[in-house]
Every structure is written in C-alpha cells, then in structure tokens.
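Given next are the chains, with one letter for each unit.
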Amino acid sequence: MKKIKSAELAAGYERDGFAVIPDLLNAEECERLKAEARHVLNHHAKPGSSVHVHVAAVNPAFRALAEDPRIVDMLRPVMPHGVMFLSDKIVYKSPDKTFPTPWHIDCFYWRNTRPKLSVWIPLDDALPENGTLTVVPGSHKKDWRMVKMGLPSGDFQYELAEQGWREGDVVTCAIKRGTAILFSDRLVHGSTPNTAGKDRYAIISTYHAPAADEPFDLEFPARKILVPAA
Ligand SMILES: O=C(O)CCC(=O)C(=O)O
C-alpha cells in the first residue's frame, strides 16, 4: 500500500468528500475475496440479487477485511473521534446486470443517525466501461433531495431529485482492483453502467464514530468498535 500522509488524506477528504487510497489490497487478496463474495451471494443472498448486506456477519474473510489494520489506519485521520464498523455489502454487476448505480447520497438511507463514511473497494479493476464508481467532488457540502425511482431489480429504490452540477465536475474513478475509495455519506455518487460483458465485484464497508447504539444500529449484528473514542 502506498503511504499517503495523514494530514493530506484528511484535508483531501474534507475538501472533496472522498479520498483514493491506491493498492490497499493486492491482486491475490482481491482474487480470494472475490471467491468469498461469490460464496456469500450463492449461499446467503436472495437469488439473482446484485446487492447483499451483512457480509461480515456471515463470512470470516470479510469480517477480517472490515477490521483490517490497513483500513483502520487509513480511517484514523478522518475519524478523530474513533472508529466503529457498522456493516458491509457486496455490490455485484455482471454481464446481465449492467445497470448504472443511480446518483445518490447514502445518508438518505440512515436519516437522523450520526455521520458515517464508507470504504468502496473493487475486487476487479474498475473502469468506465465496467461500472466503476462516479463521484461529484465537494457535493458533500450541499443538501440534496432524493426521489423514488425503482430499478426493476429493486436493488436501488431512490435517486437524486436533481443534478445540480456540470458534466465536467464528475470524477469517474478508473482504478485498479484493491484500491480503496473512502467517501462521506453526504457525497453524491453512483456508477457507470457495466457494458464490458464482465463481472465487477465491489465491497463497501461503512463506519461511524463509537457511541451508544442508536435504534438503527441494532439492525447490524457485526457492528464493532475498532478504535475507541479518545
Ligand atoms: O458499487 C457500486 O455500484 C456503487 C454502490 C453504491 O454506491 C452504494 O451501494 O451506495
């Protein structure tokens, strides 16, 4: 993993609402986790679904990833009040699941809870043609409205009501597998469609500051304090 200075990471995250950490996992680790992801989808997910939550709760390899010191060390500079793992999910796009993830903000899905951030790690190289993450830098500083959309698969049910940015503002993250993108739950993000005819696996793990459980937290059995509040 390439070392990024803590202050640089924290400043970039504060300014843009996201930060890219190259080479967090190596190719072999990605390959192993992809096999584990396939196993979780086969044995725990609703047949045919492309999004599956509570991965660490059923799979030791993803449990270890959620707590991996490389991830925790990267979170420390942006989470000065401590680090608590909440939950994770696999997002899988395949040659027949080509849909772009709609523009959205994650905090819409956990309204009236404490701020969170997520770490998105593709287990395949993530490119514009196979459904990579798209982000709007600085969008975490504005308020956005979401409206119901309803993909046929039911995987994503809401999208942003309006797109208040210019085309050129969007960053399409073309990254190697194992690179991590850490992003605020207020950041506008989505994905490109997967038109490459290949699989694209990603794992997204969500963290917040340690605190007494909020009612929302009780839905997530794998939650765990990793760095206690100072
Ligand atoms: O992997 C993707 O397509 C993005 C998923 C995403 O943004 C989310 O689940 O919040």
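Located above this text is the structure these notes cover.
What you see as residue numbers is a count from 1 along each chain, following the sequence as written. Local features in this predicted model are restricted to residues whose pLDDT is 70 or higher, and side-chain atom pairs enter the listing and the counts only when it is 80 or higher, whereas totals over whole chains, interfaces and linings include all residues.

Visitor: Would you mind going over the pairing of strand β11 (residues 200-208) with me for this structure?
Guide: Regular strands place side chains that alternate from one sheet face to the opposite one. Our exposure labels follow a C-beta count within 10 Å of each residue's own C-beta, placed from the backbone: buried means 20 or more other C-beta atoms, exposed means 12 or fewer, and partly exposed covers the counts in between. To qualify as a helix, a DSSP run of H or I must reach at least 4 residues; to qualify as a strand, a run of E must reach at least 2; elements of each kind are numbered from the N terminus. In terms of burial, β11 is a largely internal element, nine of the nine residues being buried. Judged by which residues are buried, β11 turns out to be covered on both faces: R200, A202, I204, T206 and H208 on one side and Y201, I203, S205 and Y207 on the other are all buried. A pair of strands is treated as paired once DSSP finds two or more bridges between them. The sheet contact formed by strand β3 (residues 83-93) and β11 spans nine bridges and is antiparallel. Paired with F85 across the strands is Y207, a residue of β11.

Visitor: What exactly am I supposed to notice about the site of the ligand here?
Guide: The immediate surroundings of the ligand are formed by V91, T101, D106, G131, L133, H189, S191, A202 and I204. Elements that contribute at least two residues to the shell around the ligand include exactly β10 (189-191) and β11. Note on definitions: a residue is near a molecule or strand provided its C-beta atom, placed from the backbone, lies within 6 Å of it.

Visitor: Sorry if this is basic, but what is going on with unusual backbone geometry here?
Guide: Negative phi characterises most residues that are not glycine, and trans characterises most peptide bonds. Phi is positive for H54, which is not a glycine, with a value near 70°. Despite not being glycine, N112 has its phi angle at roughly 60°, a positive value. Looking at the element boundaries, N112 is found in the loop between β3 and β4 (116-122). On the basis of neighbour count, N112 is assigned to the exposed category, with 8 C-beta atoms found within 10 Å.

Honestly, it's all geometry; don't read function into it.
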